[in-house]
Structures are given as structure tokens and as C-alpha cells.
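Take a look at the letters that make up each chain.
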Amino acid sequence: MASEGPADIALIGLAVMGQNLILNMADHGFTVCAFNRTTSKVDDFLANEAKGKSIIGAHSLEEMVSKLKKPRKIIILVKAGQAVDSFIEQLIPLLEQGDIIIDGGNSEYTDTQRRCNYLKSKDLLFVGSGVSGGEEGARYGPSLMPGGHPEAWPHIKEIFQCISAKVSDNNEPCCDWVGNDGAGHFVKMVHNGIEYGDMQIICEAYHLMKMILKLSNDEMADIFADWNKQELDSFLIEITSDIMRYKDDDGQPLVEKILDSAGQKGTGKWTAISALDFGVPVTLIGESVFARCLSSLKNERLAASEILSGPSTTMEFDVGGDKKSFIDDIRKALYASKIVSYAQGFMLLREAAAKFDWNLNYGGIALMWRGGCIIRSVFLGNIKKAFDNNPELQNLLLDDFFREEISKCQDSWRNVIATAVKLGIPTPAFSTALAFYDGYRSGQLPANLIQAQRDYFGAHTYQRIDNPGNFIHTNWTGKGGNVSSSTYNA
Ligand code: 2AM
């Protein structure tokens, strides 16, 4: 068989995402070779969705490889984990130096790092790309976050940027090179964590409007629709408005009939685990993961609701007759919390970049999330601007625009949380965001006492303000010894 075939790229894995990505590439003029472990799916695909398009099929990996232009480009889009490694092993003997394997699945970034090292030793190029936007995104324009061996980028750039989502103002692609080895999948992971956070803060706004203001679902639908025309303009606010308005067969809002026990696939959890690993306070995403965990203890909560008391239920919240201004306060609390969440997400990216020596383009990352994916929003355009203005920006909260925005929201944010606390309505994400904000802007925190306690019971030593270069141990009781243990930093 000819060693140089007609296809620009191959894709392995014909689940919906894979099929849609192939159709998207074909729509943009690329010839794609499709393969799947269960090869009957190749035939079904060719006979149906792919019919009449620049899509060819293969019934073996050998056949697929023989049909590819060089350097060969192969996207693997299968279940994350062992299946990816298995295809990589099968492909290695079939490929030549400089050929490119791209993993577009939801792989953990540490797996991508490992695969990069492994394939480098085989003289092959590897890319781990975050793909976001679900089935619809894959078909008509996903957000793509490729990272790995940078030598691969010039060969895949055109295809990737052609098929990705575009930001309408100037048609910029929501896809750029993220960085070395696991950077693409790391950025995708943080995206997913931020998605958890965005969803949680919207839920808290809904909960406050429902429990405190006793608004109807149609009223809330209107409010979310209104917010969607302002700074919170985003996919998630838009769909929330739709969900609020959606009626079950009996004419009642469907959302109120859904069991309040949230599921999760674990990608938010990975972000929280990384945050702990790197020692970065990504508190809002962490709280969002825990809020889902708490929600899933439905039976326990129901039992506790009969036993544990809170503020008097007869207490009617007095909004001073002005529901409107409290609704506006909630919007501002949501917005300020969202700014903190993204600031924390970018802090995590910065820390990982420093650790792994990734040269991350933060404005570019904001642009990749600006369209195509679940967290797409106008807000991300402002984040891009902040990093364009100052690529070295240490923290989003320090950018002039966001500093001003938070300052404008601050009184409302505090009022909402104080009111919720008084009435016993949980707002874990709003509250943790404010606690972070107040901690971050504090020149003095009580960690001096933590250091004293650690030194008291464990001789862990501390630094004096007037002599920070030395680690000192004090014999606090006069009884213990003077021997100090080694210091460590969390
Ligand atoms: P299948 O159609 O042969 O099951 C989503 O599940 C995609 O991942 C499908 O294309 C599926 O192939 C593929 N997949 C899942 N597990 C796999 C494995 N262990 N080996 C190869 N492909 C796998």
C-alpha cells in the first residue's frame, strides 16, 4: 500500500465527540481518516453521517497509518486512561520519526507528562489537548487547549485553529499553543474546576432569591436573562435562565422537581487536589466540590433537618421593601465571587507554570476559554485585556479594572453574605471568596500564632519579624528541651 495517502489527519474513537470533531474537520476542507476499535462503527459512520464528505475509513491501524500524509497526525479520542496507552503502544511500531500523536481525551495532565517523555524516547511527537464544549462544541467549534512537544504545533496549528470556536468581535480562534508537556491538559483541568465554581455561585444566587426573596421561577428566569445582558453575560447564566423557565408537563417548573443531589465526574476534584498539592488557595473551586459532596448526602441532610435548629423560621427577611436592590446585591456578590474564583484559577496556573517551567500565555488562555466551552463569557475578554495590558500581572485582583469592579461590588457582597448568615442560608462559595479577598488584602494574618503553636508542641521553629533570616526555637514551658525539629513549608 502507498506510504503517503490522501488524508490530512486521522482520528481514533468514534463516540459522539470523535464523530463530531471529524465532521467539523471535514467541513473545513480537511480529509480525515476515521478508525475505531469496534470497526463496525467505522462502516456505520461512513454510510451515514460521513457520507459525501471528505472522510475515509480504516479497518486497522496499519491501514489508517498508510492513508496519512507525512508527518502523520493522529488524534486519539477514547476513554481516558489505559485505552490511550494501549493505542499509543499499537501505533509506535507503525510510525516514523516526527509523526504526531494527539490525545484529545480528558486525560490527567500527569499522564500527558509521562506520555510526552515516553514518546520523545521513541522519536515521536506527542500533544495532549484539552477539548471543551461538549458534543455541540466538537461539531461546530470547540475550545482547544493543546500542549506537549512544541515541534508538533506548526504541523497541527492550521487544522486546530480552523476547527476551533471563534470569538465573534474579531474572529480570533479559541485555540493556541498552551505550553510544554502536560500544560494543555492542566489548563483544561483548571477550566473544569472553574466551571464547577461558576455553577456553584449561580446556584447560590438562585438559592438566595428562592429562599429569602421567595421569587418565582419565572421571575428568576427574567433576572438571569437580565444579568446575561450585563457583565455576567455567559453561557451558564443563559442556560440558567432557560432552565428556570422550563415547565414540566403539569406546567410547574421542572427544576424544582429535580433531586438536589449533585453528581460529579471528578474533574473539579482534580483541580482541588492540584491546588492542595501546589499549596495554592483555590478555595472557591474547593468549596464547590465540597458543596456537591454535601448535597449528595441527601438522606443524612433530611434527617438532620428534623434535628438541628437554625435561625427562627418565622423570621421574615426585611429587605426594606426593596427586593430590587437586594437582587442587585446578589448579582454583585456573584460577580465579585467570580472574579476571585478566576484569580485563584490563574494563581494555580502560575504556580504550575513555575514548577514545570511552562511559559504560559495567560491572555491566550483567557481567549481559549472566551468561546466554545462551558465557561465562555464576556468576562473572559476582560481577563484577556488584563493580561494583555500586563503579561506579568501577578494576580487578577491587582489589575486596575478588576480592582475597581470588586470595589464597586464590595458592600453588596458583604451585605448578601451577612444576610445569608443571619438567616441560615448556606453560601459556601460566596463566603469563601470573600474570606479569600479579605485574607489576600491583609498585611497581617494570625499565622504568627500558628507558628508559635507549632513551635510550642513540636519545636518546628519560627522566624522573628526583626530577624527573619533565622529559624528559632523557644523553650515555651521551660520543661522541654532546646532541640528543634526540621522546618518544612506546606
Ligand atoms: P468502542 O466503540 O470500540 O467501544 C468512547 O468510549 C470511545 O473510546 C469509543 O470509540 C470506544 O471504542 C473507545 N474505547 C473505550 N475503551 C477502549 C479500549 N479499552 N480500547 C480501545 N478503545 C476504547
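See above for the structure.
Computed from a predicted structure; not experimentally measured.

J.: Report on the overall build of the protein chain, specifying residues and quantitative values.
T.: If you tally the helices and strands in the protein chain, you get 19 helices and twelve strands. Relative to the 2.2 N^0.38 estimate, which gives 23 Å for 490 residues, the radius of gyration of the protein chain is 26 Å and therefore close to what a compact globule would have. The C-alpha extent of the protein chain, read off along each of the three principal axes, is 80 × 70 × 45 Å. By residue count, 50% of the 490 residues in the protein chain fall in the buried class. When contacts within the protein chain are restricted to residue pairs at least 6 apart in sequence, long-range pairs at least 24 apart make up 68% of them. In the structure as shown, the protein chain presents an accessible area of about 23300 Å², 52% of it carried by carbon and sulfur atoms.

J.: Mind laying out the side chain of Arg 370, listing which residues take part and the relevant values?
T.: Here Arg 370 lies in helix H15 (residues 362-370). A polar side-chain atom of Arg 370 sits 3.1 Å from the main-chain carbonyl oxygen of Ser 377.

J.: Please give an account of the packing of aromatic side chains that cites residues and values.
T.: One pass over the full model with this rule turns up 22 aromatic pairs. Ring geometry for Phe 356 and Trp 358: centres 4.9 Å apart, planes at 35 degrees, overall tilted. Under the relative-accessibility criterion, Phe 356 is labelled partly exposed at 22%. Ring-pair connections join several aromatic residues into one group, and the members of that group are Tyr 109, Phe 186, Phe 278, Phe 356 and Trp 358. In this structure, Arg 292 packs its charged tip against the face of Tyr 196, placed 3.6 Å from the ring centre. Taking the ring centre of Phe 235 as reference, the NZ or CZ of Arg 376 above it sits at 4.1 Å.

J.: Could you give an account of the packing of helix H4 (residues 82-91) against helix H5 (residues 109-120), naming the residues involved and the relevant values?
T.: It is at 12 Å that the axes of H4 and H5 come closest, and there the two elements cross at 10 degrees. What the angle tells us is that H4 and H5 run roughly parallel. Residues Val 84, Asp 85, Ile 88 and Glu 89 of H4 form the contact with H5, whose participating residues are Arg 114, Arg 115, Tyr 118 and Leu 119. Of the residues contributing to the contact of H4 with H5, the split by class is four nonpolar, no polar and four charged.

J.: Outline helix H12 (residues 283-295), supporting the account with residue identities and numerical values.
T.: The terminal C-alpha atoms of H12, which comprises 13 residues, lie 18 Å apart, in line with the 18 Å expected from a rise of 1.5 Å per residue. Buried residues of H12: Leu 284, Ile 285, Gly 286, Ser 288, Val 289, Ala 291, Arg 292 and Ser 295, and no others. Buried residues along H12 sit in contact with helix H8 (183-211), helix H11 (267-278), helix H13 (298-307), helix H14 (323-356) and helix H18 (428-440).

J.: So, the sheet that holds strand E6 (residues 125-132): which residues are in play, and what are the values?
T.: Sheet strands pair by backbone hydrogen bonding; their relative direction is either parallel or antiparallel. The mixed open sheet is built from eight strands, whose spatial order is E3-E2-E1-E4-E5-E6-E7-E10. Bordering the open sheet on either side are strand E3 (55-57) and strand E10 (179-180), each of which pairs with just one other strand. Both strand E2 (residues 32-35) and E3 contribute to a ladder of three bridges, which runs parallel. Bridge pairing links Cys 33 to Ile 56 in E3. Sheet strands touched by helix H2 (residues 40-47): E2 and E3. Its angle to E3, the strand with the most contacts, is close to 150 degrees. Along the sheet, H8 makes contact with strand E5 (100-103), E6, strand E7 (143-148) and E10, crossing E6 at roughly 15 degrees.

J.: Tell me about the site of the ligand, residues and numbers included.
T.: Around the ligand, the structure places Gly 13, Leu 14, Ala 15, Asn 36, Arg 37, Thr 38, Lys 41, Val 78, Lys 79, Ala 83 and Phe 87. For the ligand, an oxygen atom lies 2.6 Å from a polar atom in the side chain of Lys 41. At a separation of 3.4 Å, an oxygen atom of the ligand approaches a polar backbone atom of Lys 79. Residue composition of the shell around the ligand, by class: five nonpolar, three polar and three charged.

J.: Can you explain the state of the cysteines? Please cite residues and give values.
T.: For the structure on display, the rule yields zero disulfides. Cysteine Cys 293 shares no disulfide, and the gap to the nearest cysteine sulfur, in Cys 203, comes to 14 Å. Overall, the relative accessible area of 33% leaves Cys 293 in the partly exposed class.

J.: Mind laying out a nonpolar patch on the surface, listing which residues take part and the relevant values?
T.: A cluster of nonpolar residues, Tyr 246, Leu 254 and Ile 258, forms a patch on the protein surface that exposes about 300 Å² of accessible area. You can see Leu 254 is positioned in the loop between helix H10 (235-245) and H11.

J.: Tell me about the environment of Ile 237, residues and numbers included.
T.: Structurally, Ile 237 is set in helix H10. The class of Ile 237 is buried, set by a relative accessible area of 2%. Remark: the alpha-carbon pair of Ile 237 and Ile 307, spanning 70 residues in sequence, is separated by 35 Å. Discounting chain neighbours no more than four positions away, the residues touching Ile 237 are Ile 202, Phe 224, Trp 227, Asn 228, Leu 232 and Leu 334.

J.: Tell me about the nonpolar core, and name the residues and values.
T.: Of all hydrophobic cores here, the largest spans 82 residues; its most connected members are Phe 186, Trp 227, Leu 349, Trp 369, Ile 383 and Trp 413. Sequence-distant contacts of Ile 383, that is, excluding residues within four places in its chain, are made with Tyr 342, Phe 346, Ala 366, Leu 396 and Phe 402. Ranked by size, the runner-up nonpolar core spans 32 residues in total, among them Phe 30, Val 42, Phe 45 and Ala 152.

J.: So what's going on with the pattern of salt bridges? Residues and values would help.
T.: Scanning the entire structure with this criterion turns up 28 salt bridges. Two residues, Asp 388 and Lys 384, come together in a salt bridge whose shortest N-O distance is 2.7 Å. Residue Asp 388 and its partner Lys 384 are located together in helix H16 (residues 379-389), separated by four residues, close to a single helical turn. Relative accessible area serves as the criterion here: at 45%, Asp 388 is assigned to the partly exposed category. Each of Asp 85, Asp 103, Asp 111, Arg 114 and Arg 115 takes part in salt bridges that share partners, so that together they form one network.

J.: Describe the environment of Ala 7, naming the residues involved and giving the relevant values.
T.: Note on placement: Ala 7 falls in the segment before strand E1 (9-12). Residues Ala 7 and Ala 304, 297 residues apart in the sequence, show an inter-C-alpha distance of 61 Å. For Ala 7, the contacting residues outside a window of four places in its chain are Thr 31, Val 32, Cys 33, Ile 56, Lys 67, Leu 68 and Lys 69.

What counts as what
- Positions within a chain are numbered from 1, following the residues in the order the chain's sequence is written.
- Local features are withheld for residues below a pLDDT of 70 in this predicted model, meaning they are given only at 70 or higher, and side-chain atom pairs are given and counted only at 80 or more; totals for whole chains, interfaces and linings count all residues.
- The basis for every side-chain value is the complete set of non-hydrogen atoms in the structure, without hydrogens or water.
- Only DSSP runs of H or I with at least four residues qualify as helices, and only runs of E with at least two residues qualify as strands; both kinds are numbered from the N terminus onward.
- The globule rule is 2.2 Å times the number of residues to the power 0.38, and the radius of gyration it is compared with is taken over C-alpha atoms.
- Throughout this description, buried means an accessible area under 20% of the type-specific maximum (1.4 Å probe, protein chains only), exposed means over 50%, and partly exposed covers the range between.
- For this analysis, residues touch if any pair of their heavy atoms sits within 4.5 Å.
- Note on areas: these come from Shrake-Rupley sampling with a 1.4 Å probe, and a residue is covered only by the protein chains present in the view.
- Distance and chemistry together define a polar contact, namely a pair of N or O atoms within 3.5 Å, with one atom able to donate a hydrogen and the other to accept it when in protein, and with adjacent residues in sequence counting only for side-chain atoms on both sides.
- Classification of ring pairs uses Phe, Tyr and Trp, with its six-membered ring standing for Trp, and accepts pairs whose centres are within 6.5 Å; under 30 degrees between planes counts as stacked, over 60 as edge-to-face, and the remaining range as tilted.
- Any Lys NZ or Arg CZ that is within 6 Å of a ring centre and within 35 degrees of that ring's normal is treated as a charge sitting over the ring.
- Only the contacting stretch of a helix is used when fitting its axis, a line to C-alpha atoms as for every element, and angles between N-to-C directions run 0 to 180 degrees.
- Oblique is the label for every angle not falling under 35 degrees (roughly parallel), over 145 degrees (roughly antiparallel), or within 65 to 115 degrees (roughly perpendicular).
- Note on residue classes: Ala, Val, Leu, Ile, Met, Phe, Trp, Tyr, Cys and Pro are nonpolar, Asp, Glu, Lys and Arg are charged, and everything else, Gly too, is polar.
- Helix span, expected: 1.5 Å multiplied by one less than the number of residues in the helix.
- One bridge is not enough; two strands pair if DSSP finds at least two bridges between them.
- Note on terminology: near, applied to a residue and a molecule or strand, indicates that one of the residue's heavy atoms is within 4 Å of it.
- The term disulfide is used for any two cysteine sulfur atoms that are within 2.5 Å.
- Only residues whose relative accessible area exceeds 30% and that form no salt bridge enter a patch; like-charged residues are grouped when within 9 Å of one another, and nonpolar side chains (Val, Leu, Ile, Met, Phe, Trp, Tyr) when within 5 Å.
- A side-chain nitrogen of Lys or Arg and a carboxyl oxygen of Asp or Glu constitute a salt bridge if their distance falls within 4 Å.
- Within this scheme, the nonpolar core is defined by two criteria: the residues are buried Ala, Val, Leu, Ile, Met, Phe, Trp, Tyr or Cys, and they are joined through side-chain atoms within 4.5 Å.

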